[in-house]
Amino acid sequence: MKYKITVDKVEKSKVDQLDFNNIPLGTTFTDHMFICDYDNGEWVDARVVPMGLIPTHPAAMALHYGQAIFEGMKAYKDTDGTPMLFRPEQNAKRLNESATRMGMPELPEEIFVEGLKKLISIDHNWIPPTEGSALYLRPFMYADEAFIGMRAATHYKFIIMASPAQALYSKRIKLWAEKQYIRAAHGGTGEAKAAGNYAAAVLPTELAKAKGYDQVLWLDAAEHKYIQEVGTMNIFFKINGEFITPNLDGSVLHGITRASVIDMLRSMNFKVTERKITIDEIKEASENGSLEEAFGTGTAVGIAYIQEIGLEDETIHVSDESPVGLEVNDTLNAIKTGQLKDKFGWMTKVDKE
Ligand SMILES: *Cc1c(COP(=O)(O)O)cnc(C)c1O
């Protein structure tokens, strides 16, 4: 490739200190990380270095003005132990869409994908061998120019770190339909995978948890009527045999799991419609018995089944009689781990070093 990646390896891997059957959530990182700097209008110095602290100037612009975006994806192992990535070019594309919205420079897709491959080729022993586990990958970009003043930064870092993750416990979740706070408004940053969107979601999520719910069900900003997403997942409902999911109207994140689930459901001959969905429509479908299932989709959990939705002082109950989402989840996982033929052409193999 055009961009040469230099490698500085640790003397001794820490992987033997990890118990793959008991991985602490979100606090374990592999031996290395990938870094690339944006300086003078170009991406330079692509490198794999030991995982460690990064010196940061207190005026680093991301800390003040919030130019920070990220991606989330996973590496799996094929049945013969070959590391595999799920649709990495989609994440590369989405990172650039987020970058554009946040006034940040695009990153050549080649750096994104080759950086991932290099890191995984070196740290592949960290991909958990246990069923349902995977190596979570967190590519992200932020403004690290030291400057006080409001303008687009001129210096950025793109980093990929990797963290082994066990299968998340897949209990059915309870949602709180949020009528006061919002996640995304038309013209806002809802479509970007931007750190600031998460910052704005922290308080409403904590309040929902204090009420006994797992996640927030986000409604539209203008009328608090139309369903957007759930927590950090896209959402699907099955009503009278048909799947519906909110259309991508500018306020909904373009989930790669969402797109893949739509393709898979259609290949199973289900009707899938992307359209506006009101919370009242879901309430009515629950009451008249036509709401057959509801689930969230995202890289972290795959498919998360929804048990109920709290709406002001009412509860919308969701049936668990239809297991189509579970079948889709099992099929997706089997494709990701090479147990099922990759008929959609979603998987990218990574050479081991
Ligand atoms: C990342 C994310 C999703 C899920 O996207 P995937 O590509 O499926 O992981 C959904 N909603 C929000 C707000 C997200 O940040």
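Only a predicted model underlies this, so the values are computations on that prediction, with no experimental measurement involved.

1. Section: the pattern of salt bridges
- A complete count under the given rule lists 19 salt bridges for this structure.
- Taking the shortest distance from any N to any O, the salt bridge between D16 and K12 comes out at 3.3 Å. Each member of the pair D16 and K12 is classed as exposed.
- Note that D37 and R47 form a salt bridge whose closest N and O atoms lie 2.8 Å from each other. Here D37 is found in strand β2 (residues 32-39), whereas its partner R47 is found in strand β3 (residues 42-50), with 10 residues between them in sequence.

2. Side note on the packing of aromatic side chains
- The full count for this structure, using the stated rule, is 13 aromatic pairs.
- A centroid spacing of 5.1 Å and a plane angle of 55° characterise the contact between F70 and Y198, whose relative ring orientation is tilted. Of the two residues, F70 is situated in strand β4 (residues 68-70) and Y198 in helix α4 (residues 195-210); the sequence distance between them amounts to 128 residues.
- Each ring, one from F86 and one from W346, has its centre 5.5 Å from the other, and the planes form 75°; the classification is edge-to-face. Note that F86 is positioned in strand β6 (residues 83-86) and W346 in the loop between α7 (324-336) and β18 (347-349), a separation of 260 residues in sequence. Each member of the pair F86 and W346 is classed as buried.
- Put simply, the rings of F236, F243, F270, F295 and Y305 pair up and form one aromatic cluster.
- Over the face of the ring belonging to Y226 we find K276, whose NZ or CZ atom lies 4.5 Å from the ring centre.
- In this structure, K336 packs its charged tip against the face of F86, placed 4.8 Å from the ring centre.

3. Looking at the domain arrangement of the chain
- The domain architecture assigned to the chain consists of domain 1 (6-167) and domain 2 (173-321).
- The gap between the C-alpha centroids of domain 1 and domain 2 is 28 Å.
- Between domain 1 and domain 2 the total buried area reaches about 1300 Å² when both faces are included, carbon and sulfur atoms providing 60% of it.
- Three residues stand out in domain 1 for area buried against domain 2, namely F70, R94 and R101, and they jointly supply 41% of the buried area on that side.
- Taken together, the connections running from domain 1 to domain 2 amount to zero salt bridges.
- When contributions to the side of domain 1 that touches domain 2 are tallied by element, the ones reaching two or more residues are β4, β5 (73-77) and α2 (88-101).

4. Some remarks on the site of the ligand
- Close to the ligand lie 14 residues, the nearest being K193, Y198, E229, T257 and T299.
- T257 has a polar side-chain atom sitting 2.6 Å from an oxygen atom of the ligand.
- For the ligand, whose free accessible area comes to 390 Å², the fraction covered by protein is 96%.
- Per-class residue counts for the shell around the ligand are four nonpolar, six polar and four charged.

5. Looking at the packing of helix α5 (residues 256-267) against α7
- The geometry of α5 relative to α7 is characterised by a closest axis approach of 11 Å and an angle of 110° between their N-to-C directions. By the angle between their axes, α5 is roughly perpendicular relative to α7. Residue-level contacts link T257, S260, V261, M264 and L265 of α5 to V324, V328, T331, L332 and I335 of α7.
- When grouped by side-chain class, the residues that make up the contact of α5 with α7 number seven nonpolar, three polar and no charged.

6. Quick notes on the UniProt feature "modified residue: N6-(pyridoxal phosphate)lysine" (unreviewed entry) in the chain
- Those residues carrying the UniProt feature "modified residue: N6-(pyridoxal phosphate)lysine" (unreviewed entry) are K193 in this numbering.
- If you trace the backbone, K193 turns up in the loop between β9 (173-178) and α4.
- With a relative accessible area of 11%, K193 lands in the buried category.
- If we ignore the near neighbours within four places in the chain, the residues touching K193 are I69, F70, E71, G72, R94, S98, Y198 and L253.

Parameters and conventions
Residues numbered from 1 in each chain as written. Predicted model: local features only at pLDDT ≥ 70, side-chain atom pairs only at ≥ 80, totals over all residues. Heavy atoms only, no water. Salt bridge = Lys/Arg side-chain N within 4 Å of Asp/Glu carboxyl O. Buried < 20%, exposed > 50% of the residue type's maximum accessible area, 1.4 Å probe, protein only. Helix = DSSP H or I, 4+ residues; strand = E, 2+ residues; numbered from the N terminus. Phe/Tyr/Trp six-rings, centres within 6.5 Å; stacked < 30°, edge-to-face > 60°. Lys NZ or Arg CZ within 6 Å of the ring centre and 35° of its normal. Domains from an automatic or database assignment. Buried area = accessible area lost by both parts, 1.4 Å probe. Near = heavy atom within 4 Å. Polar contact = N/O pair within 3.5 Å; in protein donor to acceptor, adjacent residues only side chain to side chain. Areas by Shrake-Rupley, 256 points an atom, 1.4 Å probe, with all protein chains shown as cover. Nonpolar A, V, L, I, M, F, W, Y, C, P; charged D, E, K, R; others polar. Axes fitted to C-alpha atoms, helices over the stretch in contact; angles between N-to-C directions. Parallel < 35°, antiparallel > 145°, perpendicular 65-115°, else oblique. Contact = heavy atoms within 4.5 Å. UniProt positions renumbered as here; feature names shortened; annotations may be inferred.

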